[in-house]
Amino acid sequence: MTTAVRLLIGTRKGVWFLDGDEGRADWRVEGPLFLGHIINHLVADPRDPKVLMAASSTGHLGPTIQRSTDGGKTWSEASRPPAFEPGEPHGRSVHHTFWIEPGHPSEPGVWWAGASPPSLFRSADNGDTWASVKGLNEHPKAMDWFPPMDGGTPDGPMIAGIVIDPRDARHMYLATPMAGVLETTDQGQSWAPLNQNVRCDYLPDPYPEIGQDTHQLAFSPTNPDRLWQQNHCGIYRLDRPAERWDRVGDAMPREVGDIGFSIIPHPRCDQTAWVFPMDGTEVWPRVSPGGRPAAYRTRDGGATWERQDNGFPREQGWFTVKRQAMCGDGRDPMGLYLGTTSGEVWASADEGESWRQIAAHLPEIYSVVVAP
Amino acid sequence: MTQVLIPSQLTSYTDGATRVAANGTTVGAVLDDLDRRFPGLKFRVVDEQDRVRRHMRLFIGQAETRDVTTAIGPADELLIFGALSGG
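Residues numbered from 1 in each chain as written. Chains lettered and ligands numbered in written order. Predicted model: local features only at pLDDT ≥ 70, side-chain atom pairs only at ≥ 80, totals over all residues.

Across its full length, chain B carries two helices and five strands. Reading chain B from its N end, one meets helices and strands in the order β-β-α-α-β-β-β. What you see for chain B is a C-alpha radius of gyration of 12 Å, in line with the 12 Å of a compact globule of 87 residues. Looking at chain B residue by residue over its 87 residues, the buried ones come to 31%. Taking the intrachain contacts of chain B between residues at least 6 apart in sequence as the baseline, contacts between residues at least 24 apart amount to 47%. (Helix = DSSP H or I, 4+ residues; strand = E, 2+ residues; numbered from the N terminus. Rg over C-alpha atoms; globule rule 2.2 N^0.38 Å. Buried ≥ 20, exposed ≤ 12 C-beta atoms within 10 Å, placed from the backbone. Contact = placed C-beta atoms within 7 Å.)

Right, dumping it as structure tokens:
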């Protein structure tokens, strides 16, 4: 079988690869690598697809970054993983790296890492050495934006996503669980909240400047000014340069709600995006509402949403799909993939119209990424 | 030289060796010496603020320490363990 699509699977117990054929019908599982290691994110470099980067830790050992420059055949560890400065005034140390982002196309070798506690690091040598981004980590408001906190899911607060404007390497956004969306226009030297009209059900002021919990942030590739946000409190859209988010999730069916972790814009249509709702009622079960898994797609910018559940269990399907565990392959028609905490991988080769399980019995899945 | 017991979690750094020797007059200095020979090992055990990681345990003989400034001598044995830390 000739591999046409490769999925990079990061799990609580290591790395697996899923290789699909041209029709995305036949899939082969390969692995594990790093058996027993916690892999929060495994990413390939679109600028040089042979370069892979994995955010790794274990139950015992401190966090590190594993790197491959030959497509995953051989690996080496970062000689200086993401870490705060020794003696930094708040006594912080990196618990784990959560998100890895290849840098702007104009900056080969540059990578960004978002960590827990919430902090940002940059590498200019393809992930071998990492430096603290002081503009965020030592920001005068850093401890207001990210007050010390134990616990939380998963394993404490973190930088939950890094988004780089494809038109401007200096323009970036962060998705954070305690300060919502933060924006920089000088590549991280200064930051400002971007949270107008994003709700916080859990604070006395439901629309504060900060405090929002952004689960995932993405832009439409054909229109990078169009931002999509899956928040702890709803699905939002923002068309820059405006600063006021619109809760497009209000159009979701009330019995399903608009809570979830992932949001996937269509690669060629800025009106289209997918979400995978989670139950956010009462004690926040964070499983498929009613035990009936479904993706929802909008094709009109969020004005309406259509249910896509063909192939998923019709009942007793209690999927939890975490932040990095849903993605698209950019092909035409768009393939969609998601991984569950129960170790199943589901795929659609027809833009969500039908789904089927392509792997099972893997460990708890943290991330599913399509190799470029 | 101080004898150091290496737990299974770290033998990928020591080419499989479970017992190595290292120089240093404090626990931290011994770990620094190990890190020079086995790059990356120390950071998996001690964080950037010199705190022993939550699920790692260090003993000098029978005595546990979580302080990397603890003195250690060439006749001592430093034992590194991965603590019990769930599934």
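Attention shifts here to the sheet that holds strand β21 (residues 295-298) of chain A. By definition, the strands of a sheet pair up through backbone hydrogen bonds, in either a parallel or an antiparallel sense. Residues and elements named next belong to chain A. Strand order in the open sheet formed by four strands is β19-β20-β21-β22, and the pairing between neighbours is antiparallel. Because the sheet does not close on itself, it has two edges, and the strands there are β19 (260-265) and β22 (306-308). When the angles between neighbouring strand axes are averaged without regard to direction, this sheet yields 25°. With three bridges connecting them, strand β20 (residues 273-277) and β21 associate as antiparallel partners. (Pairing = 2+ DSSP bridges. Axes fitted to C-alpha atoms, helices over the stretch in contact; angles between N-to-C directions.)

Residue and element names in this part refer to chain B. Here five strands make up an open sheet; going across it, the order is β2-β1-β5-β3-β4 and the pairing mixed. Edge strands, defined here as strands with exactly one partner in the open sheet, are β2 (19-22) and β4 (63-65). For this sheet, the mean inter-axis angle between neighbouring strands, taken without regard to orientation, is 30°. Of the strand pairs in this sheet, strand β3 (residues 56-60) and β4 are connected by three bridges, and their pairing is antiparallel. Its bridge partner being in β4, L58 is matched across the sheet by T65. Its contacts with the sheet put helix α1 (residues 27-37) on β1 (2-5), β2, β3, β4 and β5 (77-82), and the angle it makes with β2 is roughly 110°.

The next point concerns the interface of chain B and chain A. Much of the literature gives interface size as the accessible area that the parts lose upon coming together. At the junction of the two partners, chain B supplies 16 residues and chain A supplies 14 residues. Residue composition of the side of chain B that touches chain A, by class: four nonpolar, seven polar and five charged. (Nonpolar A, V, L, I, M, F, W, Y, C, P; charged D, E, K, R; others polar.)

These results come straight from atomic positions and should not be treated as a statement about function.
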